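# Remarks on the overall topology
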Amino acid sequence: MAKVILKTDQTHTADADILGTDAYGEYQLFCDTYTASEIYVQVRREGGTWKNARYNGNDIKLTAEGDVLDITVKKGFDYRLFTETAGAEVWIAKDDPHGS
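So, here is what we can say about the structure in this document. A quick note: this is a predicted structure, and the numbers were derived from the prediction, not measured.

### Digging into unusual backbone geometry
Even without being glycine, Asn-56 reaches a positive phi, approximately 50°. The class for Asn-56 is exposed, based on a relative accessible area of 65%.

### A word on the sheet that holds strand S8 (residues 68–73)
Read from one edge to the other, the open sheet built from 4 strands follows the order S1-S10-S2-S8, with strand pairing classed as antiparallel. Lying at the two open borders of the sheet, with one neighbouring strand each, are strand S1 (3–6) and S8. Between one strand and the next, the sheet's axes are offset by a mean angle of 35°, whatever the strand orientation. In this sheet, S8 lies alongside strand S2 (residues 25–33) in antiparallel orientation, the contact comprising 6 bridges. Bridging across to S8, Tyr-27 finds its partner in Ile-71.

### Details of a negative patch on the surface
Judged by side-chain charge, Glu-26, Asp-70, Asp-95 and Asp-96 come together as a negatively charged surface patch. Mapped onto the elements of the fold, Asp-70 is located in strand S8. Owing to a relative accessible area of 54%, Asp-70 belongs among the exposed residues under this scheme.

### Here's the deal with the environment of Gly-47
Relative to the helices and strands, Gly-47 resides in the loop between strand S3 (39–45) and strand S4 (51–52). Between the C-alpha atom of Gly-47 and that of Thr-8, which follows or precedes it by 39 residues, the distance is 27 Å.

### Re a nonpolar patch on the surface
Where nonpolar side chains cluster on the molecular surface, the patch consists of Phe-30, Val-68 and Trp-91 and spans about 250 Å² of accessible area. Tracing the chain through its elements places Val-68 in strand S8.

### Quick notes on the nonpolar core
Within the largest apolar cluster, 19 residues are counted, with the highest numbers of intra-cluster contacts made by Leu-19, Leu-29, Ile-39, Leu-81 and Val-90. Every element with two or more residues in this core is listed here: S1, S2, S3, S8, strand S9 (77–83) and strand S10 (89–94). Contacts of Val-90, omitting those with residues within four sequence positions, involve Lys-3, Val-4, Ile-5, Leu-6, Leu-29, Phe-30, Cys-31, Ile-39, Leu-62 and Leu-81.

Conventions we followed
- Residues numbered from 1 in each chain as written.
- Predicted model: local features only at pLDDT ≥ 70, side-chain atom pairs only at ≥ 80, totals over all residues.
- Heavy atoms only, no water.
- Buried < 20%, exposed > 50% of the residue type's maximum accessible area, 1.4 Å probe, protein only.
- Pairing = 2+ DSSP bridges.
- Helix = DSSP H or I, 4+ residues; strand = E, 2+ residues; numbered from the N terminus.
- Axes fitted to C-alpha atoms, helices over the stretch in contact; angles between N-to-C directions.
- Patch = residues over 30% accessible without salt bridge, like charges linked within 9 Å, V, L, I, M, F, W, Y side chains within 5 Å.
- Areas by Shrake-Rupley, 256 points an atom, 1.4 Å probe, with all protein chains shown as cover.
- Salt bridge = Lys/Arg side-chain N within 4 Å of Asp/Glu carboxyl O.
- Lys, Arg positive; Asp, Glu negative; His and termini not counted.
- Charge placed at Lys NZ, Arg CZ, Asp CG, Glu CD.
- Core = buried A, V, L, I, M, F, W, Y, C linked by side-chain atoms within 4.5 Å.
- Contact = heavy atoms within 4.5 Å.

Next comes the structure, spelled out in structure tokens:
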């Protein structure tokens, strides 16, 4: 079931909505509302600081309304979204191929 992971009044994912160290698997992000600021996927190890996630030297980010991003979340790390300016809304859904 999809849920909002970044609300229009937030610049980063609320603590209660962070994908924590016990989350894992495939997820899809959907940018339903976009403003002028890019939305970055951030990651941290337990007790660490947030860093922009990168793939092949490029930041992993959403940059337009309607953007969809598939991500793999690993145990042992925290994941959230971050943007410079509030106004975006991003939904997340776990890929559940077995329908459980």
